[in-house]
Amino acid sequence: LTREIRILLSVSKTLEEMTMITIFVVMISGILLGRVESFNSFRKIDNRGLVLRANRNQDLLMVAADKKWIAKVASVAFCASILSSSLVSANDETPVTESTVTTSVAPVIKKVPLYTKKSTSLQQYVDISRGFKLQRPFGFNEFDGAGGGYLVKFASLFDVDENVVVGSSPAISGKNSITDYGTPESIAQKLLKKRLNGKLVSAEARQTEDIVFYMFEFENGIDPSLPRIGPQNRKATKQVELYQLCVAKGKLWSVQATSNDQLFPGHEETFRACLLSFIPRL
């Protein structure tokens, strides 16, 4: 928190008893609400009273018991602090990567069936050894990612910007769903830091066959030096990226589909169907 709520109580025996009762109520409320870590969150400070510690070593409130500190009573502020959401820290300073994002806010998750519709722009791909399947873009070249930081890559024959890449890495111990890593919005903000002039277009969650997926759409900067086809008056100015994450079988799975702002409008349905058809099981 950015401030401490100091409660300065009178020295009468009655109010001293009320102070101890107040401390106990706040402690129990904090634990039940997940705001306070444990009973050990109380500690003594300079014989001036007790301070209640929140997660990440932030002071929630101070209850002064020393006579020299007693001056005013701020009971209104105290009650407001319990009833309001200001007990939650708005600034989480924990370093976060794609695999370590955490949050306590549950995202809205809609149930979406696995995409199985047949199309001339897609063809079925099944990886038996690694245990996943999806419908890949028809006619794209296939590259095995052994040693390349991914499992498999499907690349367009005609444009350097259009690719679909499937990857996986070990999930953090105890994290059995992508929701354990954070909300779509919190993860998106961390992913943006790894993109060139990235802009978040959308971030959403869905559940398909009891697995929760997060799907993001980004607009990123583009490398103008790469060879691209098409008329000079319709040059690509940015990359369009669809990025999907899920956790299954002890792994964090990713599927990335990229295009550019000139090609994506005509290929968006194919790329989205590709991601919606991915499932990390056979």
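Rules and cut-offs
- Residues numbered from 1 in each chain as written.
- Predicted model: local features only at pLDDT ≥ 70, side-chain atom pairs only at ≥ 80, totals over all residues.
- Heavy atoms only, no water.
- Phe/Tyr/Trp six-rings, centres within 6.5 Å; stacked < 30°, edge-to-face > 60°.
- Helix = DSSP H or I, 4+ residues; strand = E, 2+ residues; numbered from the N terminus.
- Lys NZ or Arg CZ within 6 Å of the ring centre and 35° of its normal.
- Buried < 20%, exposed > 50% of the residue type's maximum accessible area, 1.4 Å probe, protein only.
- Polar contact = N/O pair within 3.5 Å; in protein donor to acceptor, adjacent residues only side chain to side chain.
- Pairing = 2+ DSSP bridges.
- Core = buried A, V, L, I, M, F, W, Y, C linked by side-chain atoms within 4.5 Å.
- Contact = heavy atoms within 4.5 Å.
- pLDDT = per-residue confidence, 0-100.
- Arc of directions from axis to C-beta.

**Quick notes on the packing of aromatic side chains**
So, step 1. Scanning the model with the defined rule gives eight aromatic pairs in all.
So, step 2. Ring geometry for Trp253 and Phe278: centres 6.0 Å apart, planes at 50°, overall tilted. Note that Trp253 is positioned in strand β14 (residues 251-260) and Phe278 in the segment after α4 (264-276), a separation of 25 residues in sequence.
So, step 3. In this structure an aromatic cluster arises from ring pairing among Tyr125, Phe132, Phe154, Trp253 and Phe278.
So, step 4. Here the basic side chain of Arg206 rests over the ring of Phe213, its NZ or CZ set 4.3 Å away from the ring centre.

**So, the side chain of Arg136**
So, step 1. With respect to the helices, strands and loops of the structure, Arg136 is situated in strand β7 (residues 132-137).
So, step 2. Take Arg136: its relative accessible area is 7%, and that puts it in the buried class.
So, step 3. Engagement of the side chain of Arg136 in a polar contact is seen with the side chain of Glu142, the distance being 3.3 Å.

**Things to note about the pairing of strand β10 (residues 163-170)**
Each regular strand shows side chains that alternate between the opposite faces of the sheet.
So, step 1. Direction of pairing for strand β9 (residues 152-155) relative to β10: antiparallel, over a ladder of four bridges. Bridged to Phe154 within β10 is Val164.
So, step 2. In this sheet, β14 lies alongside β10 in antiparallel orientation, the contact comprising eight bridges. Paired with Ser168 across the two strands is Trp253, which belongs to β14.

**A look at the nonpolar core**
As a rule of thumb, nonpolar side chains are buried together in soluble globular proteins.
So, step 1. Of all hydrophobic cores here, the largest spans 28 residues; its most connected members are Phe132, Leu134, Val166 and Phe278.
So, step 2. Secondary-structure elements contributing two or more residues to this core are β6 (122-127), β7, β9, β10, β12 (211-220), β13 (239-248), β14 and α4.
So, step 3. Sort the elements by how many residues they give to this core and α4 lands first, with five residues.
So, step 4. Once residues lying within four places of it in the same chain are set aside, the contact partners of Phe132 are Tyr125, Val126, Asp127, Leu151, Val152, Val166, Trp253, Phe278, Ile279, Pro280, Arg281 and Leu282.
So, step 5. Ala205, Val212, Leu245 and Leu252 belong to the second largest nonpolar core, which has 16 residues in total.

**So, the confidence of the model for the protein**
So, step 1. The predicted model of the protein averages 74 in pLDDT, with 61% of residues at 70 or higher.
So, step 2. With pLDDT under 50 throughout, residues 1-19 is counted as low confidence; its partners more than four residues away or in other chains account for 46 contacts.
So, step 3. Scored below 50 in pLDDT, residues 21-104 makes 144 contacts in the model with residues more than four places away or belonging to other chains.

**Let's talk about helix α3 (residues 184-192)**
So, step 1. Residues of α3 that are buried: Pro184, Ile187, Ala188, Leu191 and Leu192. Down the axis of α3, the buried side of the element spans an arc of 140°, and every buried residue falls inside it.
So, step 2. Those residues of α3 that are buried are in contact with β11 (199-208), β12 and β13.

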